[in-house]
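Residue strings, one per chain:
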Protein chains: 2
Amino acid sequence: MIGAGQLARMTQQAAIALGVELRVLAESAGDSAARVVADARLGDYRDLADLRAFAQGCDAITFDHEHVPTEHIAALAADGHAVHPGAQALVHAQDKAVMRERLTAIGAPCPAWRRIAAAAEVEEFAAEHGWPVVLKAVRGGYDGRGVWVCRSGEEAAEVLASGVPLMAEALVPFERELAVLVARSPHGQGVSYPVVETVQKDGICVEVLAPAPGLDPERAAVAQGIALKIATELGVTGLLAVEMFETSSGLVVNELAMRPHNSGHWTIDGARTSQFEQHVRAVLDLPLGSPALAAPVVVMANLLGGDDPDVFSRYEHVMAHDPGIKIHFYGKDVRPGRKIGHVTALGTDLDEVRARARHAAAYLADGVYT
Amino acid sequence: MIGAGQLARMTQQAAIALGVELRVLAESAGDSAARVVADARLGDYRDLADLRAFAQGCDAITFDHEHVPTEHIAALAADGHAVHPGAQALVHAQDKAVMRERLTAIGAPCPAWRRIAAAAEVEEFAAEHGWPVVLKAVRGGYDGRGVWVCRSGEEAAEVLASGVPLMAEALVPFERELAVLVARSPHGQGVSYPVVETVQKDGICVEVLAPAPGLDPERAAVAQGIALKIATELGVTGLLAVEMFETSSGLVVNELAMRPHNSGHWTIDGARTSQFEQHVRAVLDLPLGSPALAAPVVVMANLLGGDDPDVFSRYEHVMAHDPGIKIHFYGKDVRPGRKIGHVTALGTDLDEVRARARHAAAYLADGVYT
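From a predicted model like this one, the values you see are computed outputs, not experimental measurements.

## Side note on the sheet that holds strand β5 (residues 147-150) of chain B
Residues and elements named next belong to chain B. Sheet architecture is open: four strands sit in the order β3-β6-β4-β5, paired in antiparallel fashion. Edge positions in the sheet fall to β3 (113-116) and β5, since each has one partner strand and no second. Within the sheet, the average angular offset between the axes of one strand and its neighbour, ignoring direction, is 25°. Two elements, strand β4 (residues 133-137) and β5, share four bridges in a ladder whose sense is antiparallel.

## Topic: the interface of chain A and chain B
If you look at the interface, chain A gives 39 residues, while chain B gives 39 residues. Buried area between chain A and chain B, summed over both chains or domains, comes out near 3,300 Å², and the portion from carbon and sulfur atoms is 56%. Of all residues in chain A, the largest losses of buried area upon contact with chain B belong to I16, R272 and M319 of chain A, amounting jointly to 19% of the total for that side. The interface formed by chain A and chain B contains four salt bridges. Close ionic contact of E21 of chain B with R35 of chain A constitutes a salt bridge, the shortest N to O distance being 2.8 Å. The interface formed by chain A and chain B includes 17 residue pairs in polar contact (both at pLDDT 80 or more). Those elements that provide at least two residues to the side of chain A that touches chain B are α1 (6-18), α10 (275-283), α11 (315-321) and β14 (326-329) of chain A. The element best represented in the side of chain A that touches chain B is α1 of chain A, accounting for six residues. In terms of residue class, the side of chain A that touches chain B is made up of 22 nonpolar, eight polar and nine charged.

## Things to note about the relation of the copies chain A and chain B
With an RMSD of 0.0 Å, the fit of chain A onto chain B corresponds to turning through 180° and sliding 0.0 Å along the axis. Taken together, the rotation angle and the small translation identify this as a two-fold axis. In terms of proximity to the rotation axis, the leading residue of chain A is A38 of chain A, whose C-alpha is 2.2 Å off the axis. Both copies contact each other with a shared surface, as 100% of the interface residues of chain A are interface residues in chain B too.

## Description of a negative patch on the surface
All names here are of chain A. A surface patch of negative charge is lined by E123, E154, E155 and E158. Ranked by the residues each element gives to the negative patch, the list is headed by helix α7 (residues 153-160), at three residues. In this fold, E123 is placed in helix α6 (residues 119-129). Note on E123: relative accessible area 39%, which makes it partly exposed.

## Comments concerning the packing of α1 of chain A against α10 of chain A
Residues and elements named next belong to chain A. Contact pair α1 / α10: the axes reach a minimum separation of 8 Å and the direction vectors enclose 70°. Here α1 is positioned roughly perpendicular relative to α10, judged by the angle of their axes. Only F276, E277, V280 and R281 of α10 make contact with α1, whose side of the interface consists of L7, M10, T11, A14 and L18.

## Focus on the packing of helix α4 (residues 87-94) of chain B against helix α5 (residues 96-106) of chain B
Residues and elements named next belong to chain B. Contact geometry for α4 and α5: axes closest at 6 Å, N-to-C directions at 110°. Classified by the interaxial angle, the pair formed by α4 and α5 is roughly perpendicular. Listed contacts from α5 to V91, H92 and Q94 of α4 are K96, V98, M99 and R102. When the residues that make up the contact of α4 with α5 are grouped by side-chain class, the tally is three nonpolar, two polar and two charged.

## Let's talk about the nonpolar core
Counting residues in hydrophobic clusters, the biggest one holds 76 residues, and the most contacted among them are I327 and V343 of chain A together with I327 and V343 of chain B. Ignoring anything within four residues of it in the chain, the contact list for I327 of chain A reads Y315, V318, M319, H342, V343 and L364 of chain A together with A17 and L18 of chain B.

## A few points about the packing of aromatic side chains
Residues and elements named next belong to chain A. In this structure the tally under the stated criterion is eight aromatic pairs over all chains. Here F174 and F245 contribute two aromatic rings whose centre-to-centre distance is 4.5 Å and whose plane-to-plane angle is 10°, an arrangement assigned as stacked. Separated by 71 residues along the polypeptide, F174 in the loop between β6 (166-170) and β7 (176-184) and F245 in strand β11 (residues 238-247) bring together distant segments of the chain. Residue F174 is classed as partly exposed on the basis of its relative accessible area of 37%. Classification of F245 as buried rests on a relative accessible area of 10%. We note R46 situated over the ring of Y45; from NZ or CZ to the ring centre the distance is 4.7 Å.

## Here's the deal with helix α2 (residues 48-55) of chain B
Residues and elements named next belong to chain B. Taken residue by residue, α2 has L51, F54 and A55 as its buried positions. Buried residues of α2, seen end-on, are gathered within an arc of 95° and therefore sit on one face of the element. Facing away from the buried surface of α2 by more than 90 degrees, the exposed residues are A49 and A53. Contacts from the buried residues of α2 go to β1 (23-26), β2 (39-42) and α3 (70-78). The residue sitting at the N-terminus of α2 and contributing the capping side-chain oxygen is D47; that oxygen lies 2.8 Å from the backbone nitrogen of A49.

## Examining the UniProt feature "binding site: ATP" (unreviewed entry) in chain A
All names here are of chain A. In the numbering adopted here, UniProt assigns the feature "binding site: ATP" (unreviewed entry) to K96, K136, E169, A170, L171, V172, E177, N254 and E255. Within the secondary structure, A170 sits in strand β6. For A170, a relative accessible area of 15% corresponds to the buried category. Those residues in contact with A170, other than ones at most four positions away along the chain, are P111, A112, F125 and H129. As for its placement among the helices and strands, L171 is situated in the loop between β6 and β7. With relative accessibility at 43%, the residue L171 sits in the partly exposed group.

## Focus: the pairing of β11 of chain A
Residue and element names in this part refer to chain A. Where burial is concerned, most of β11 is hidden: nine out of the ten residues are buried. Sheet analysis places β7 next to β11, joined by nine bridges and oriented antiparallel. Counterpart to L181 in the pairing with β11 is A241. Sheet analysis places β11 next to strand β12 (residues 250-257), joined by seven bridges and oriented antiparallel. Bridging across to β12, M244 finds its partner in V253. What sits between β11 and β12 in their antiparallel hairpin is a turn of two residues.

## Things to note about the environment of Q189 of chain A
All names here are of chain A. Turning to its location among the elements, Q189 is positioned in the loop between β7 and β8 (190-192). Each C-alpha atom of the pair Q189 and A33 lies 28 Å from the other, and the pair is 156 residues apart in sequence. Discounting residues that sit within four places of it in the chain, Q189 has contacts with A183, R184, L286, P287 and L288.

## What to know about unusual backbone geometry
A cis geometry characterises the amide bond from W131 of chain A onward to P132 of chain A, with omega recorded as -10°. Following the sequence through the fold, P132 of chain A ends up in the loop between α6 and β4 (133-137). Going from A210 of chain A to P211 of chain A, the amide bond is cis rather than trans, its omega being -10°. Looking at the secondary structure, you find P211 of chain A in the loop between β10 (204-210) and α8 (217-234). You will see that D285 of chain B, though not glycine, has its phi angle at about 60°, which is positive. Tracing the sequence through the fold places D285 of chain B in the loop between α10 (275-283) and β13 (297-304). Residue classification places D285 of chain B among the partly exposed positions, given a relative accessible area of 27%.

Thresholds, definitions, all that
Residues numbered from 1 in each chain as written. Chains lettered and ligands numbered in written order. Predicted model: local features only at pLDDT ≥ 70, side-chain atom pairs only at ≥ 80, totals over all residues. Heavy atoms only, no water. Pairing = 2+ DSSP bridges. Helix = DSSP H or I, 4+ residues; strand = E, 2+ residues; numbered from the N terminus. Axes fitted to C-alpha atoms, helices over the stretch in contact; angles between N-to-C directions. Contact = heavy atoms within 4.5 Å. Buried area = accessible area lost by both parts, 1.4 Å probe. Salt bridge = Lys/Arg side-chain N within 4 Å of Asp/Glu carboxyl O. Polar contact = N/O pair within 3.5 Å; in protein donor to acceptor, adjacent residues only side chain to side chain. Nonpolar A, V, L, I, M, F, W, Y, C, P; charged D, E, K, R; others polar. Least-squares fit on C-alpha atoms with pLDDT ≥ 70 in both. Patch = residues over 30% accessible without salt bridge, like charges linked within 9 Å, V, L, I, M, F, W, Y side chains within 5 Å. Areas by Shrake-Rupley, 256 points an atom, 1.4 Å probe, with all protein chains shown as cover. Lys, Arg positive; Asp, Glu negative; His and termini not counted. Charge placed at Lys NZ, Arg CZ, Asp CG, Glu CD. Buried < 20%, exposed > 50% of the residue type's maximum accessible area, 1.4 Å probe, protein only. Parallel < 35°, antiparallel > 145°, perpendicular 65-115°, else oblique. Core = buried A, V, L, I, M, F, W, Y, C linked by side-chain atoms within 4.5 Å. Phe/Tyr/Trp six-rings, centres within 6.5 Å; stacked < 30°, edge-to-face > 60°. Lys NZ or Arg CZ within 6 Å of the ring centre and 35° of its normal. Arc of directions from axis to C-beta. UniProt positions renumbered as here; feature names shortened; annotations may be inferred.

See the structure below:
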């Protein structure tokens, strides 16, 4: 696995069970996953020579993030390595304009969008679709970074001044955000987890509710169908997370990720097969596992670093208060707002389960009761 | 954790989630757990200097097996290390005669027993309790090794000829074998998992049924009470597995183990808190986790090595046949009869769940349908 963040770290738990020896390419020995695997190599994921040395002897290669240059991924495949997802699929998770072109071509629901090179084009786009206009960096954004909601030509001009390649999207008046996590294996098997609701704060996911409360079953099936179709049409191998907006008139695709995804962390404790095991199975072209829920209601809450770096000392309260809460720490240094872990609660009543997850997350992050 | 077998390997999965960095003392770099931790040290668990070097910098020390000399464990504690379980508790899992003396003293149900030094003492014991007489090595036996069922003085004399310190026990006419897994923390909190039935073949556990089918709830409570009392009276910190015989007249304690135990592997997928997480919590003196079942019926089947060392190639059939089966491999070389992994099935119908676990285990081990 190229990259050694928390996704690689949690993949290690699944790899241990399957008897698969996980090698990670880390930037430093202190990386989240480098702390928990026997075979952590140091190197630069932007350097083809480092990638080639890393790949030597691996049965399959996959990713903890989307930042490996597309051409290097293609080069590894040309060397004869099994790379999942491949460059031709992954580019859709790396380049938002390529993604929009392709989704539009296959008929997946998208907001109005356009590549933007000059302020005049934003004005033109706004004349057609109205203000505000959402400007997005074509490459490199995440967790709300690289996204600007512009209410005027002046605001857009400021963003354009940065020189980053941009695209415009119409702001979608959504009711809530959903996510569909699917897996697809090289031999073409596909599986979808239940559709979840994701709750964001300041552009960062703070909670995931599984399954999405009150979602119309037909709409849920449509959402899963869209995600599976995208996986098939784009030739995704491994996991694909499709973030969607639910609007009064239906679903709109927001973003794609081709790796284990924050919206799927609930599956570790809340589904028969965790997304990390599913990803390992898929990239090794093994039959996929059951995505069934382990409880009627599962809520995941992210732990965002607060001001106090000592989170471990707060275990006592949280564990004593709720012996059923599942805690996951990523072994990362605490910085305010940084994702340092997550908690998962399972049960039957949404309000109760959600309150448990929120309480644990808030207390672990800040030592504050909620 | 001293020792780097499969118990340490599975402990690593729990440690990753808790953000606890696990160090293991391995005999070789190829040991089951040494393959999956970042901090594997090589050394001899019988050598106090190796143990002292290993312990340096650890917050707590625990064990993957019971073979560390009792006096070395006491020495580590005298050095100021937090060692769980401590030497005074662990000796009861190392020395069967010490265990019987203590259990007898606290009123836990035991078979008739006696330390044995000469053939005449076996004859005398048999005159009182009848043949056959079970002779057990006082130290070092496991998985049926170190246990001899003798039907005559001649058979007993053969065993005595080996010179191993022995004890005699009356053969218990049991209906089935049960196991109770409890955890106890240094601050005195105790928790019991549901009582399970263990199924042995040739002295090796092959299946665990959770909860024990058809067990009278009052008897289950008695069994849990016995295990918790033993944990308290012996000052156990960490896990304690109490193997029991169920007879027509009640329960009899067979063996003790003070570490994660084969009879608790089902908890990884089948309980809210795995035994490995529970052990980590207990030895770090954190509040204990919920032992609740994750499904009405959970069956664990051990994977015993067959003649074909290539188990991985049989994943395809097993995973495709049963997408809900949970597979755990220990990263060990296959040898006939060796425990190389286990599978767990969850569901509601015992016969169906048991058939699924058996099928998967048999196919993974031998490539044979059952």
